[in-house]
Amino acid sequence: MTETGRRIRILAGDVEARAGLNDGPTADRIWDALPIQGTANRWGEEIYFSIPVECPAEADARVEMAVGEIAYWPPGSAFCIFFGPTPAGGGNAPGEGAAPRAASEVNPLGFVEGDAARFTRVPDGAPVTLERA
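All of the points below concern the structure found in this document. As a convention, each chain's residues are numbered from 1 in the sequence order in which they are written. Given that the model is predicted, a residue must reach a pLDDT of at least 70 before its local features are reported, and side-chain atom pairs must reach 80 or more before they are shown or counted; all residues, however, enter totals for whole chains, interfaces and linings. In computing side-chain values, all of the structure's heavy atoms are included and hydrogens and water are not.

Here we look at the overall build of the protein chain
- Runs of H or I in DSSP of at least four residues are treated as helices and runs of E of at least two as strands, each being numbered from the N terminus. When its secondary structure is counted, the protein chain shows 1 helix and 10 strands.
- Each principal axis of the C-alpha distribution contributes one length, and for the protein chain these read about 40 × 35 × 25 Å.
- In the protein chain, which comprises 133 residues, the proportion classed as buried is 44%.
- Sequence-distant contacts in the protein chain: of pairs separated by 6 or more residues, those separated by 24 or more amount to 70%.
- Areas reported as accessible are Shrake-Rupley estimates using a 1.4 Å probe. Residue values count occlusion only from the protein chains shown. With an accessible surface of roughly 6,100 Å², the protein chain has 49% of that area assigned to carbon and sulfur atoms.
- Neither His nor the chain termini are counted; the positive set is Lys and Arg, and the negative set is Asp and Glu. For this purpose, a charge sits on NZ of Lys, CZ of Arg, CG of Asp or CD of Glu. Charge separation in the protein chain, taken as the distance between the mean sites of 11 positive and 19 negative side-chain charges, equals 5 Å. A 1.4 Å probe rolled over the protein chains alone gives each residue an accessible area, and that area as a share of the maximum for its type sets the label: buried under 20%, exposed over 50%, partly exposed in between. In what follows, residue pairs with any heavy atoms lying within 4.5 Å of each other are defined as contacts.

Let's talk about the side chain of Thr86
- Note that Thr86 resides in the loop between β8 (78-82) and β9 (101-112).
- According to the relative accessible area criterion, Thr86 is buried, its value standing at 8%.
- For the purposes of these results, a polar contact is taken to be a pair of N or O atoms within 3.5 Å, where, inside protein, one atom must be able to donate a hydrogen and its partner to accept one; residues adjacent in sequence count only when each atom of the pair is a side-chain atom. Looking at Thr86, its side chain comes within polar contact range of the main-chain oxygen of Arg101, at 2.5 Å.
- Excluding its chain neighbours within four sequence positions, the residues that come into contact with Thr86 are Trp43, Gly44, Glu45, Glu46, Pro100 and Arg101.

As C-alpha coordinates, this is what we get:
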(Lines give C-alpha, C1' and ligand atoms only; values in the text may rest on other atoms or scores of the structure.)
Protein backbone atom coordinates (compact mmCIF):
# COMPACT_ATOMS: atom_id res chain seq x y z
CA MET A 1 0.00 0.00 0.00
CA THR A 2 1.16 3.50 -0.67
CA GLU A 3 0.47 6.53 1.42
CA THR A 4 -1.98 9.00 -0.12
CA GLY A 5 -0.99 12.23 1.61
CA ARG A 6 -4.21 12.09 3.65
CA ARG A 7 -3.60 12.83 7.33
CA ILE A 8 -5.81 12.22 10.32
CA ARG A 9 -5.65 13.73 13.77
CA ILE A 10 -6.04 11.34 16.69
CA LEU A 11 -7.16 12.75 20.05
CA ALA A 12 -7.04 10.05 22.75
CA GLY A 13 -7.37 11.19 26.34
CA ASP A 14 -4.72 13.92 26.67
CA VAL A 15 -2.67 12.58 23.72
CA GLU A 16 -2.77 14.17 20.28
CA ALA A 17 -1.08 12.69 17.23
CA ARG A 18 -1.29 12.74 13.47
CA ALA A 19 -1.15 9.74 11.20
CA GLY A 20 -0.88 9.19 7.47
CA LEU A 21 -3.42 6.97 5.71
CA ASN A 22 -2.49 4.42 3.07
CA ASP A 23 -4.38 4.00 -0.18
CA GLY A 24 -7.01 1.27 0.02
CA PRO A 25 -10.70 0.52 0.40
CA THR A 26 -10.73 0.42 4.21
CA ALA A 27 -8.75 3.66 4.53
CA ASP A 28 -11.12 5.27 2.01
CA ARG A 29 -14.19 4.24 4.02
CA ILE A 30 -12.69 5.51 7.25
CA TRP A 31 -11.70 8.81 5.61
CA ASP A 32 -15.26 9.25 4.31
CA ALA A 33 -16.73 8.54 7.78
CA LEU A 34 -14.60 11.13 9.65
CA PRO A 35 -15.01 12.55 12.23
CA ILE A 36 -15.40 9.43 14.37
CA GLN A 37 -15.64 9.25 18.16
CA GLY A 38 -15.18 6.25 20.40
CA THR A 39 -13.95 4.96 23.73
CA ALA A 40 -10.45 3.50 24.12
CA ASN A 41 -9.96 -0.12 25.02
CA ARG A 42 -6.43 -1.09 26.07
CA TRP A 43 -5.00 -4.47 25.11
CA GLY A 44 -1.39 -4.42 26.21
CA GLU A 45 0.21 -1.60 24.25
CA GLU A 46 -2.60 -1.31 21.75
CA ILE A 47 -5.64 0.94 21.80
CA TYR A 48 -8.68 -0.16 19.85
CA PHE A 49 -12.25 1.09 19.63
CA SER A 50 -15.33 0.30 17.55
CA ILE A 51 -16.06 2.61 14.65
CA PRO A 52 -19.14 2.89 12.40
CA VAL A 53 -17.33 1.38 9.40
CA GLU A 54 -17.62 -2.22 8.23
CA CYS A 55 -14.98 -3.70 5.94
CA PRO A 56 -13.84 -7.23 5.17
CA ALA A 57 -10.22 -8.33 5.51
CA GLU A 58 -8.15 -7.06 2.59
CA ALA A 59 -5.53 -9.04 0.66
CA ASP A 60 -2.71 -7.51 2.76
CA ALA A 61 -4.36 -8.21 6.15
CA ARG A 62 -1.89 -9.54 8.74
CA VAL A 63 -1.29 -10.00 12.47
CA GLU A 64 2.35 -8.90 12.75
CA MET A 65 2.40 -5.14 13.16
CA ALA A 66 5.01 -2.42 13.67
CA VAL A 67 5.19 0.03 16.54
CA GLY A 68 3.26 3.12 15.46
CA GLU A 69 1.15 1.31 12.89
CA ILE A 70 -2.59 1.92 12.69
CA ALA A 71 -5.03 -0.69 11.40
CA TYR A 72 -8.65 -1.79 11.13
CA TRP A 73 -9.81 -5.01 12.82
CA PRO A 74 -12.67 -6.49 10.72
CA PRO A 75 -14.19 -8.85 13.37
CA GLY A 76 -14.79 -5.94 15.77
CA SER A 77 -15.18 -3.09 13.27
CA ALA A 78 -12.40 -1.44 15.26
CA PHE A 79 -9.68 1.13 14.68
CA CYS A 80 -6.37 0.02 16.25
CA ILE A 81 -3.25 1.91 17.29
CA PHE A 82 -0.21 -0.29 18.00
CA PHE A 83 2.51 1.21 20.20
CA GLY A 84 4.24 -1.79 21.80
CA PRO A 85 3.82 -5.43 22.81
CA THR A 86 0.33 -6.92 22.95
CA PRO A 87 -0.95 -10.00 24.83
CA ALA A 88 -0.89 -12.01 21.58
CA GLY A 89 2.91 -11.79 21.86
CA GLY A 90 5.20 -12.36 19.00
CA GLY A 91 7.77 -14.86 17.90
CA ASN A 92 10.67 -12.49 18.36
CA ALA A 93 14.20 -13.81 18.39
CA PRO A 94 16.21 -13.47 21.63
CA GLY A 95 17.49 -9.95 22.07
CA GLU A 96 14.77 -8.38 19.94
CA GLY A 97 12.07 -6.20 21.43
CA ALA A 98 8.57 -7.61 21.50
CA ALA A 99 6.61 -6.44 18.47
CA PRO A 100 2.90 -5.71 18.44
CA ARG A 101 0.72 -8.57 17.28
CA ALA A 102 -3.00 -8.24 16.56
CA ALA A 103 -5.51 -10.71 17.98
CA SER A 104 -6.35 -11.72 14.40
CA GLU A 105 -5.72 -10.27 10.95
CA VAL A 106 -6.11 -6.51 10.59
CA ASN A 107 -6.09 -4.22 7.55
CA PRO A 108 -3.02 -1.95 7.75
CA LEU A 109 -3.99 1.72 7.41
CA GLY A 110 -0.77 3.71 7.92
CA PHE A 111 1.49 5.03 10.64
CA VAL A 112 1.39 7.48 13.52
CA GLU A 113 3.80 10.37 12.95
CA GLY A 114 6.46 10.71 15.65
CA ASP A 115 6.81 8.64 18.81
CA ALA A 116 3.86 6.28 19.23
CA ALA A 117 4.93 5.52 22.83
CA ARG A 118 2.95 8.61 23.92
CA PHE A 119 -0.18 6.44 23.67
CA THR A 120 0.95 4.63 26.86
CA ARG A 121 -0.65 7.60 28.69
CA VAL A 122 -4.12 6.78 27.33
CA PRO A 123 -6.17 4.84 29.89
CA ASP A 124 -8.87 2.30 29.19
CA GLY A 125 -12.16 4.18 28.79
CA ALA A 126 -10.62 7.44 27.52
CA PRO A 127 -12.52 9.29 24.79
CA VAL A 128 -10.99 9.04 21.32
CA THR A 129 -11.68 11.21 18.28
CA LEU A 130 -10.46 10.70 14.73
CA GLU A 131 -10.75 13.65 12.35
CA ARG A 132 -9.21 14.97 9.17
CA ALA A 133 -5.98 16.88 9.79
